[in-house]
Amino acid sequence: MKITEAKRDNIVSKLKQDIDAANAYYEDTVEPAVMERYAIFKADKGYYRKMFPRLSQRCEIVSTDVQDTIESTMPVLMKTFFGSTDVVTVQGADGTDADDKRAEVMQELINYELQQNKFFMTFYRWAKDALITNLGIIKVDWDREYKEVEKTVTMDAEAYAMYRPQAEQMGLQVEKVEASPTGGIDVTYRSKELAKNQPRVMNVMASEFRFSPDATRLEDADFVAHRKIVSLDYLRMQAEAGLYDHVEELAEKAVTPHYTNLDIQNNDDIDERPNRTDSGRQKVELYECYVKLNMSDDPDARLVPMIVTVSNGIILRIEENTYERNPFFVLSPRVDPHHIWPESGFTDLIAQVQHSKTAIIRQMIYNIAQGNDSKMAIDPAALVDINDVLQNAQFIRVKGNVNEAILPLPASQLQGWTFNMLEYLDTVKENRTGITKYNQGLDSNSLNKTATGISIITQQSNQRLELIARIFAETGMTELFRFLIKLNQLFVNQALVIRLTNGPLAIDPSDLDGSFDLLVNAGMGAGAKQTNLQNLQLVRELSTQLAEVGLSGPQQWYNLAKRIIEEVGFKNVDDFLIDPSQMAAQMPQQGEQDSGAEDNKTTIRSAITDAPWQVQMQFWQKLGFEVTPDMFTEQAAQKVLSGAADAQAKADAGRGGRWNGAGIGTQPPDRGGQGSGGRLGVSSPDAQAQAGAGFGAAQQAQQYGNGARAGGGAPGVSSY
């Protein structure tokens, strides 16, 4: 974007104010809390040396309650968000079939894109940061990459003369031009082809995240920035790609970045004084700012969402924010309506318990150590050499009675209420976090042995975890899905094919149009699934009763079975069920195919009856019937009778008379039951012979009739 120097200076001045305010809030409020929570989570001995200086001289064991609780919480959260059921479901806003179809396509596309980003591990770090520091952060942008491919086209000389200047204008590099063996010219050129066109999801550390101190919601903040420490070589590469400007100006004015305490804690090997002889290694502090600015000369104009990349007071890139919001998404187990970063977090709930248990355990260990290796009172005059005691010699030489020379001092006994205190602290931790021995499956000595009792306790303890999962789903995950929907509608500009568990799915950009709603389904772990399965069994019994009165049909039963399979843990329901709606859509097509097949079958069979009897024998034998040459005599007789009847009818019509020839040679043989030995049932040959009596062909009919009886019946092929 082209802006005047005056406007550029004005923007730099405003950004400097925003950056300074965000940095001050971070260093005064955010960073100290984050560093303390990380120290508690890691059970840092240095942290507890400052807290318990005298106890640390005797024992440095630290209780790991915070770490144990968070590590026990993560499996439940991961199972909730990556189980068989989608936590966030995309639905059509209008509720029409077309909208629902587009919503299904969008859901599949987002799931595929997250899978391509290895979102399982991204979410794991995102959620774990949230539990430890009280704010997990991810950033989403669009990643578009091109690759060079070599192609060859054949054209005539006139087309090549027009193509060459156009190719140069388009940036196509012509590699080779040679005569084609088939005539014309073979032109080999290199062009850039889209290799990747999808969102990119990445974790952001707390030390890299800045925002306005007065903002209460991240999406409404006037200033949000991604702070990076990058090398000049990286900036020069971006400049060559056409992304950054004024990089060499920055190289002349760049100063050493200001590393925060958290930067140094996260990376002990930071080189704050790089080698100046190689400028490419020099580090600079870069801010990618998502800010609302007045880009016009009117002081009362509306603020425009902009993306400004700035370093050391120099703007490297400025563009309008097509996202219309910042691309950061946060998770926090505790929501503060007045702050983006809640002051009290999940770690703080357990920190006091961990501090207390650390002090008590250290005292217990010191007390036990005194009992096992108690101090002694000695009489130096009764010892041959006091160094025997001081140097812990194997033999201590004494003068006279050893009991008078050395006397062990009594140690105080470990009091019973110490263990009661530890048990009380464990109870407090369970009440505060919801992580108990029951929902971890660790309590083998529980007094409550009934399944109902255990189930009630587990459900009650799961409520806090379920609330955390629901907060994660309703805040960060929902906003993430809403943002991915918008990115796909903005940047997917050509058809693509994605890979699903049940086959490929072709997606056209028009399939992603429309408005969508998001539905949150955040359940819990195994306990909740068992409850859901039990409830689904009740629904199944109810559906059976409703089916008797016509209020439940195949589609409802399919939906119920699908839900049960998903609760069991299988994602690809199509491996087990067929959707009745799909069957209904396929039935008309199948009917048309069957009708066409029957017509073809009739045509084939009609053609067979006109073939010689040897061909007809082969046809029926291939179908598995037992046939002999004698069986086809009846067919010949029918043809003779039919021809005679037609001739007589024409003669009677010419004389004006009437003759009742009904049934003579006109009734097709019975196609009905198949006789023994795999033979087809046929009309009675005697009846056919009688029908032809008096017509001048009785003798011939009788001959064919006798032949048919000898053969055991003929296959009915006259009008199959």
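Look up: the structure comes first, before these words.
The rules behind these values
- Residues numbered from 1 in each chain as written.
- Predicted model: local features only at pLDDT ≥ 70, side-chain atom pairs only at ≥ 80, totals over all residues.
- Heavy atoms only, no water.
- Phe/Tyr/Trp six-rings, centres within 6.5 Å; stacked < 30°, edge-to-face > 60°.
- Helix = DSSP H or I, 4+ residues; strand = E, 2+ residues; numbered from the N terminus.
- Buried < 20%, exposed > 50% of the residue type's maximum accessible area, 1.4 Å probe, protein only.
- Lys NZ or Arg CZ within 6 Å of the ring centre and 35° of its normal.
- Axes fitted to C-alpha atoms, helices over the stretch in contact; angles between N-to-C directions.
- Parallel < 35°, antiparallel > 145°, perpendicular 65-115°, else oblique.
- Left-handed = near helix turned anticlockwise from the far one by under 90°.
- Contact = heavy atoms within 4.5 Å.
- Patch = residues over 30% accessible without salt bridge, like charges linked within 9 Å, V, L, I, M, F, W, Y side chains within 5 Å.
- Areas by Shrake-Rupley, 256 points an atom, 1.4 Å probe, with all protein chains shown as cover.
- Salt bridge = Lys/Arg side-chain N within 4 Å of Asp/Glu carboxyl O.
- Lys, Arg positive; Asp, Glu negative; His and termini not counted.
- Charge placed at Lys NZ, Arg CZ, Asp CG, Glu CD.
- Expected span 1.5 Å × (residues − 1).

This next bit is on the packing of aromatic side chains. Evaluation of the coordinates by the stated rule reveals 17 aromatic pairs. Their ring planes at 70° and their centres at 5.7 Å tell us that tyrosine 25 and phenylalanine 211 sit as a pair that is edge-to-face. Placement of tyrosine 25 in helix α1 (residues 5–41) and of phenylalanine 211 in strand β5 (residues 209–211) is noted, with a sequence separation of 186 residues between them. A single burial state applies to tyrosine 25 and to phenylalanine 211, both of which are buried. Measuring from centroid to centroid gives 6.1 Å for phenylalanine 82 and phenylalanine 119, while their planes differ by 45°, and the two rings are tilted. Within this pair, whereas phenylalanine 82 is found in the loop between α4 (65–81) and β1 (88–92), its partner phenylalanine 119 is found in helix α6 (residues 119–133), the two being separated by 37 residues in sequence. Judged by its relative accessible area of 4%, phenylalanine 119 is buried. Among the aromatic residues, those joined into a ring-pair cluster are Phe81, Phe82, Phe119, Phe120, Phe123 and Trp126. Sitting over the ring of tyrosine 366, arginine 58 keeps its end group 4.2 Å from the ring centre.

Phi angles above zero are rare outside glycine, and alanine 43 is one such case at about 55°. Residue position: alanine 43 is located in the loop between α1 and α2 (45–51). Notably, asparagine 312 is not glycine yet its phi reads approximately 55°, a positive angle. Among the secondary structure elements, asparagine 312 is positioned in the loop between β8 (304–311) and β9 (314–320).

Quick look at the packing of α4 against α6 now. For the pair α4 and α6, interaxial distance at closest approach is 10 Å and the crossing angle is 135°. Considered as vectors, α4 and α6 are oriented oblique to each other. Once α4 is placed against α6, the crossing between them reads as right-handed. Here α4 contributes Ile70, Glu71, Thr73, Met74, Leu77, Met78 and Phe81 to the contact with α6, which in turn contributes Phe120, Phe123, Tyr124, Ala127, Lys128, Leu131 and Ile132.

Judged by side-chain charge, Asp97, Asp100, Glu104 and Glu108 come together as a negatively charged surface patch. Inspection of the secondary structure puts aspartate 97 in helix α5 (residues 97–116).

Compared with the 24 Å implied by 1.5 Å per residue over 17 residues, the 25 Å span of α4 between its first and last C-alpha is a close match. Every buried residue of α4 is accounted for by Asp65, Val66, Thr69, Ile70, Thr73, Met74, Leu77, Met78, Thr80 and Phe81.

Another point: the side chain of lysine 228. Along the chain, lysine 228 turns up in strand β6 (residues 223–231). Residues within four places of lysine 228 in sequence aside, it is in contact with Lys139, Val284, Glu285, Leu286 and Glu288.

Let's shift gears to the pattern of salt bridges. Per the counting criterion, the structure on display carries 28 salt bridges. Here glutamate 288 ties to lysine 139 by a salt bridge, and the two come within 2.4 Å at their closest N and O atoms. Placement of the pair is glutamate 288 in strand β7 (residues 283–293) and lysine 139 in strand β2 (residues 136–155), with a sequence separation of 149 residues. The partner of glutamate 150 in a salt bridge is arginine 190, with the nearest N and O atoms 3.5 Å apart. Pair noted here: glutamate 150 is in strand β2 and arginine 190 is in strand β4 (residues 185–204), with a separation of 40 residues, a long-range link. Exposure remark for glutamate 150: the relative accessible area of 52% places this residue in the exposed category. A relative accessible area of 25% places arginine 190 in the partly exposed class.

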